[in-house]
Structure formats: structure tokens, C-alpha cells
Amino acid sequence: MRFRHPDGSTVHLAYCTNVHPAETLDGVLAQLRDHCEPVRRRLGRDRLGIGLWLARDAARSLTTDPASLRALRAELDRRGLEVVTLNGFPYEGFGADEVKYRVYQPDWTHPDRLAHTTDLARLLAALLPEDVIEGSISTLPLAWRTAFDAEAAATAHGALTTLAGRLDALEELTGRSIRIGLEPEPGCIVETVADAVAALTTAPKPSHAPKPSPAPNPSPIPNPSPVPNPSSAPSAGSTRIGVCLDTCHLATSFEDPRTALDALAAAGIPVPKAQLSAALHAEHPHLPEVRAALAAFAEPRFLHQTRTRTAAGLRGTDDLPEALAPSDHHATTAHGLPDATPWRAHFHVPLHAPPAPPLGSTLPVLRDTLALLVGGPHPRTHHLEVETYTWQALPPESRPRTRARLADGIAAELTLARDLLTDLGLKELP
């Protein structure tokens with residue numbers, strides 16, 4: 001979906017296809033047929049933007065077979081779909097029964113992450129519509145926080161610098177400009193926008209100390225504990241690398257949207273894309289009925305990092321079950337999360353259908369952020385992506401049971417996002 005901003009520029013709205021599990025090219029083609037085109041038809045539009053997720057195997061198939069890439073481009077056109085942004089955060093296995101910490105591998109210290117993101121950039125340059133010259137890719141915020149020292153930071157910095165150079169060369173070759181957005185997420189080295197500013201403006205110095213070996217499933221942070229800040233982190237040294245602002249993550253970490261965006265502007269860091277999403281909110285987590293309602297969202301597939309603000313600062317757990325663990329004030333190790341103040345959990349709830357009371361969502365944070373992003377004289381970003389990938393992780397009674405119901409829900413989310421944009425003065429284009 002395209003919108004004309006009052007300044008005359010085009011703002012793109014898409015939905016992310018990581019909600020539809022597909023690891024192969026055949027799976028991606030089936031997504032277009034079974035899910036994306038039906039959503040477009042429900043919206044009554046001739047054209048629908050999708051934020052395509054291409055897992056490693058699908059991306060490799062496309063990069064090694066030009067005929068397959070041409071066929072994908074033709075299939076997008078035939079079904080009235082267009083791609084201006086890719087979700088490059090999950091590498092593979094995002095549709096597995098248990099994802100949890102594995103979604104952060106490989107991180108930016110591993111050459112596979114650089115290779116995969118380079119492939120995605122080349123593919124996006126080929127998939128952009130004929131009249132679009134700018135594309136965006138979101139990626140993980142360097143790494144999960146465990147076992148990330150100065151040497152790892154220097155390695156990640158080097159990878160991003162190499163990527164920026166490759167993107168410059170790609171634009172020279174194709175005339176298409178591709179930018180990358182690190183996506184701050186709770187529990188990662190870059191958890192907040194402040195962390196992103198530090199990461200993209202401070203070049204680290206490698207340490208000669210031995211680097212600890214990362215565990216395949218890093219241990220959760222102690223409960224409760226302050227959420228850690230990174231020390232030295234990489235600077236990309238290029239406006240090719242910016243921030244993908246996810247409004248669920250922003251809200252989960254209790255960040256103020258205006259403060260966050262002002263910090264990015266002051267540092268000269270671009271926002272190549274923003275993801276429109278809402279977190280799970282519990283205003284009174286100490287109440288038994290609220291805890292029972294939250295427990296229904298504690299599921300085995302994804303991590304649901306949970307945060308609360310206290311007089312001592314932000315505290316959090318890596319997952320919702322840890323937050324809900326009973327407190328034991330006599331134990332040497334604390335359990336659970338302080339519950340005297342509201343909780344927010346990293347659970348992408350449907351935008352148009354917040355959880356039933358006593359829970360809620362952080363949709364107001366999304367509204368405020370969107371107004372700051374595109375409600376001013378000029379857009380801070382031109383790429384918006386609805387990213388609710390947790391439909392099948394919702395409590396059983398809230399899950400869509402058929403493809404048709406899922407398409408209805410995604411279309412309803414996009415309708416809400418469309419209405420927010422038109423309320424801000426943007427005009428929907430054919």
C-alpha cells in the first residue's frame with residue numbers, strides 16, 4: 001500500500017511475511033498464493049506491499065538461480081504484490097516449534113550473517129518495483145547480550161562496515177539504494193535506541209583477552225535484575241546503516257518515542273524502516289487475575305522478554321514464565337519480577353484486537369511513534385511494516401483456525417494502520 005505524504009513523497013505500508021512459516025523458495029511462492037494475495041483482495045486493493053522474509057535456503061536458491069529470481073518477481077507482479085523491504089532478522093527456523101534464543105544466531109560476529117544480509121540486499125535490488133529506487137532490510141541488533149565482549153564488538157563493527165561498502169557498490173551497479181536497520185530488541189546488545197546510538201557512533205577497540213565461547217542457549221539474566229547496557233559497540237561509519245524502529249520493542253523497554261527519535265536525529269542516524277507492532281501490557285501485575293491472564297501468553301515457541309520500571313531502574317526477565325515465577329524473599333536468589341508497577345512483555349499482539357481485560361496493549365505507543373515518524377513536514381522513514389508474527393502463539397481461543405481467518409486478521413491490522421496514516425494527513429494511492 002502506498003501513501004502520498006503532504007510533502008509529496010511516497011510512504012510504503014506492508015505486512016511482514018514472517019507470520020507464514022516458509023524456509024524454501026517453494027514455500028515462499030505458496031505464501032504469495034495462499035496468504036498474501038487473499039489479504040490484498042480483502043483490502044480491495046490492486047497492489048499490496050509485503051515485507052518479505054527470505055530464510056537462508058530460500059535466499060540461496062534465488063541468488064544461485066537467476067531464473068528463479070525472475071520467476072519470483074513475475075509471481076509478485078501477477079498477484080498484485082510489491083516488495084520494498086525485507087525482514088533479515090530471522091536467519092532460518094522461524095517456523096519451528098521452539099525458536100527462543102535460536103533466532104539470534106548467527107549474529108553479527110559470524111560471517112554467515114554478513115553473507116546472508118549481502119545476499120538479501122542484492123535480491124531486494126532486483127525485486128524493487130520499477131518506479132522505486134530505495135529498499136530497506138531490518139536485521140538483528142548485533143547479538144544477544146551473552147558472551148559479547150570488546151573483540152566481538154570489533155568483529156561486528158567490521159562486518160557492518162564491510163556491508164556498508166558492499167551496499168555502496170550495489171547502488172553504483174544497479175542504481176538501487178539499499179539501507180540496513182538494526183532492530184533494537186530487549187535482551188540484545190542493542191536493546192534500546194540509546195544503545196543503538198552508542199553502537200552506531202562509537203568504534204570499539206578490540207581486546208586481546210580471550211573471548212568466551214557463546215552457549216547455544218544463553219542463560220537468562222537473573223530475576224529480577226537491571227537490564228544491561230552494552231559497553232563498546234560498533235559504528236558502521238555510514239548512513240547505509242541505521243535503525244529499524246519496532247514499536248513493540250520500544251514500548252516493552254518503556255522508551256519514550258519522542259526522546260528516542262530526537263536522539264537518533266541528534267546523532268544523524270537514519271530510520272530506514274519502522275515496524276508497527278504492539279506489546280502486551282499489564283497495568284496491575286500483582287493481581288491474581290492479571291497473572292492468570294498473562295500466563296495464557298506464556299508459550300514455548302518464542303521468547304517474551306518482560307520489563308518493568310522500578311525506582312532502581314528498568315528490570316526484566318528473558319521470558320514471561322520467569323517473570324511470573326513466585327517471589328521468595330527469603331531465598332538467596334530472587335525469583336520473578338517486581339510487580340508493584342506495570343509490566344510489558346515482548347509479545348506482538350494484533351493491532352486491531354488488543355487482549356481482553358485485565359490486559360491491554362501498547363497501541364498508544366505505536367500511535368505516538370507513527371505521528372512522530374510521518375506526521376511532521378517530512379517523513380522520518382518511508383517504509384512501514386506491520387509485524388505481528390505471533391498469531392499462532394496467541395492463547396488458543398484467540399488463534400485464527402483457518403487461512404481465511406488469518407487473512408481477515410492481517411487485513412484488519414492493515415486497515416487500522418491505513419486509517420492512522422490517513423488521519424495524519426497522508427493520502428492513500430491506488
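(A) Highlighting the confidence of the model for the chain. This prediction gives the chain a mean pLDDT of 91; 90% of its residues lie at or above 70. Here residues 207-237 is modelled with pLDDT under 50, and outside its nearest four sequence neighbours on either side it reaches 88 contacts, counting other chains as well. Taken as a whole, residues 329-334 scores under 50 in pLDDT and shows two contacts with residues more than four places along the chain or in a different chain.

(B) Region of the structure containing the packing of helix α8 (residues 257-267) against helix α11 (residues 363-374). Axis separation between α8 and α11 bottoms out at 9 Å; the angle between their running directions is 35 degrees. Classified by chirality, the crossing of α11 by α8 is right-handed. Contact residues: α8 offers Pro 257, Arg 258 and Leu 261, while α11 offers Val 365, Asp 368, Thr 369, Leu 372 and Leu 373. Split into classes, the residues belonging to the contact of α8 with α11 amount to five nonpolar, one polar and two charged.

(C) The arrangement of the pairing of strand β8 (residues 241-246) in detail. For β8, the buried fraction is high: six of the six residues fall into the buried class. Bridge count for strand β6 (residues 177-182) against β8 is three bridges, and the pairing is parallel. Note that in β8 the partner of Ile 180 across the bridge is Ile 241. Where β8 and strand β9 (residues 273-276) come together, three bridges link them in parallel fashion. Note that in β9 the partner of Leu 245 across the bridge is Ala 274.

(D) Representation of the pattern of salt bridges within the structure. Scanning the entire structure with this criterion turns up 25 salt bridges. Arg 56 is paired through a salt bridge with Glu 92; the nearest N and O atoms lie 3.2 Å apart. Here Arg 56 is found in helix α2 (residues 56-64), whereas its partner Glu 92 is found in the loop between β4 (81-87) and α4 (111-127), with 36 residues between them in sequence. Here Asp 319 makes a salt bridge to Lys 100, at a shortest N to O gap of 2.6 Å. Within this pair, whereas Asp 319 is found in the loop between β12 (313-317) and α10 (320-324), its partner Lys 100 is found in the loop between β4 and α4, the two being separated by 219 residues in sequence. In this structure Asp 319 comes out as buried when scored by relative accessible area, which is 7%. Among the residues examined, Lys 100 registers a relative accessible area of 12% and is labelled buried. A single salt-bridge network, built from bridges that share partners, covers Glu 37, Arg 40, Arg 41, Glu 75, Arg 78 and Arg 79.

About the cut-offs
Residues numbered from 1 in each chain as written. Predicted model: local features only at pLDDT ≥ 70, side-chain atom pairs only at ≥ 80, totals over all residues. Heavy atoms only, no water. pLDDT = per-residue confidence, 0-100. Contact = heavy atoms within 4.5 Å. Axes fitted to C-alpha atoms, helices over the stretch in contact; angles between N-to-C directions. Helix = DSSP H or I, 4+ residues; strand = E, 2+ residues; numbered from the N terminus. Left-handed = near helix turned anticlockwise from the far one by under 90°. Nonpolar A, V, L, I, M, F, W, Y, C, P; charged D, E, K, R; others polar. Buried < 20%, exposed > 50% of the residue type's maximum accessible area, 1.4 Å probe, protein only. Pairing = 2+ DSSP bridges. Salt bridge = Lys/Arg side-chain N within 4 Å of Asp/Glu carboxyl O.

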